[in-house]
Amino acid sequence: MLDTLYSQIGFALAALIAAAAFLKGDEPERIGAGALIIGVSATQLARNPGALTGPQWSLIALDLAFLAVCIALAWKSRRPWPVWASAFQSLAVASHLLTFVDVQPPLTALDAIVNLAGYGLLASIGLGTLVAWRERRAALTLL
C-alpha cells in the first residue's frame with residue numbers, strides 16, 4: 001500500500017489538493033477530486049506488487065474508469081482543466097496498453113509514466129481549483 005516514501009508523499013499531495021478542491025472549488029473540481037481520491041485509494045488496495053509481468057487488470061479497469069470521469073467532465077464543463085486531466089490520464093492508460101502488444105518496457109518506465117501523469121492530474125485539478133476560487137472571489141467583489 002503506502003510502503004514507500006514516494007507513495008506517501010503522493011497520497012498526501014493528492015489529499016491536500018482534494019481538500020482544497022472540496023473547500024474552494026466548484027462542482028467540476030469537487031467531482032474530479034472525489035474521483036481522484038477514490039481512484040488513488042482503490043489503486044493502492046488493488047495493486048499487486050508480486051506481479052512483475054503482464055497486465056494488472058484491476059489497475060487497468062480503475063484507470064479506464066477515471067479516464068471516463070475525466071472525459072465526462074471535459075464534455076460537460078466549460079473549464080479547460082478537465083481536458084488536461086483527460087490527456088494525462090490517457091497517458092497512464094496508454095502505458096497499460098504497452099503490455100497488451102508485447103512491448104516489454106522496464107516496469108520502472110511504466111511506473112514513471114503513470115507517476116508523472118498522476119502529478120499532471122494533480123496539477124490540473126489544483127490549477128482548476130485555484131482558477132475557480134479566484135473567479136468566485138472576483139465575482140463577489142463586483143457585487
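The present account deals with the structure reproduced in this document. Since this is a predicted model, take the numbers as computed values, not measurements.

Rules behind the numbers
Residues numbered from 1 in each chain as written. Predicted model: local features only at pLDDT ≥ 70, side-chain atom pairs only at ≥ 80, totals over all residues. Heavy atoms only, no water. Axes fitted to C-alpha atoms, helices over the stretch in contact; angles between N-to-C directions. Helix = DSSP H or I, 4+ residues; strand = E, 2+ residues; numbered from the N terminus. Parallel < 35°, antiparallel > 145°, perpendicular 65-115°, else oblique. Left-handed = near helix turned anticlockwise from the far one by under 90°. Contact = heavy atoms within 4.5 Å. Nonpolar A, V, L, I, M, F, W, Y, C, P; charged D, E, K, R; others polar. Core = buried A, V, L, I, M, F, W, Y, C linked by side-chain atoms within 4.5 Å. Buried < 20%, exposed > 50% of the residue type's maximum accessible area, 1.4 Å probe, protein only. Salt bridge = Lys/Arg side-chain N within 4 Å of Asp/Glu carboxyl O. Phe/Tyr/Trp six-rings, centres within 6.5 Å; stacked < 30°, edge-to-face > 60°. Lys NZ or Arg CZ within 6 Å of the ring centre and 35° of its normal.

Moving on, we come to the packing of helix α2 (residues 27-46) against helix α5 (residues 107-142). Running from amino to carboxyl end, α2 crosses α5 at an angle of 155°, the nearest separation of the two axes being 10 Å. Taken together, α2 and α5 sit at an angle that is classed as roughly antiparallel. As for how α2 packs across α5, the hand of that crossing is left-handed. From α2, E29, G32, A33 and L36 reach across to α5, where they touch L122, I125, G128, T129 and A132. Of the residues contributing to the contact of α2 with α5, the split by class is five nonpolar, three polar and one charged.

Turning to the nonpolar core, a few remarks are in order. Counting 15 residues, the largest nonpolar core has L36, F66 and I125 as its most contacted members. Contributions of two or more residues to this core are made by α1 (5-24), α2, α3 (57-76), α4 (81-97) and α5. Examining the composition of this core, we find that four residues originate from one element, α1, more than from any other. Beyond its immediate sequence surroundings of up to four residues, L36 is in contact with A14, F66, L122 and I125.

Turning next to the pattern of salt bridges. Taken as a whole, this structure holds four salt bridges when the rule is applied. Among the ionic pairs, D26 bridges to R136, the shortest N-O distance being 2.8 Å. Placement of D26 in the loop between α1 and α2 and of R136 in helix α5 is noted, with a sequence separation of 110 residues between them. The salt bridge partner of R79 is E29, with a shortest N-O separation of 3.3 Å. In this pair, R79 sits in the loop between α3 and α4 while E29 sits in helix α2, placing the two residues 50 residues apart along the sequence. Comparing R79 with E29 shows no difference in burial state: the two are buried. One network of salt bridges, with partners in common, ties together D26, E29, R79, E135 and R136.

Under the definition given, this model contains one aromatic pair. The interplanar angle of 35° and the centroid separation of 6.4 Å between the aromatic rings of W84 and F88 together place this pair among those described as tilted. Linking W84 with F88, this pair stays in helix α4, spanning four residues, or about one helical turn. Positioned above the aromatic ring of W133, the side-chain terminus of R137 is 5.2 Å from the ring centre.

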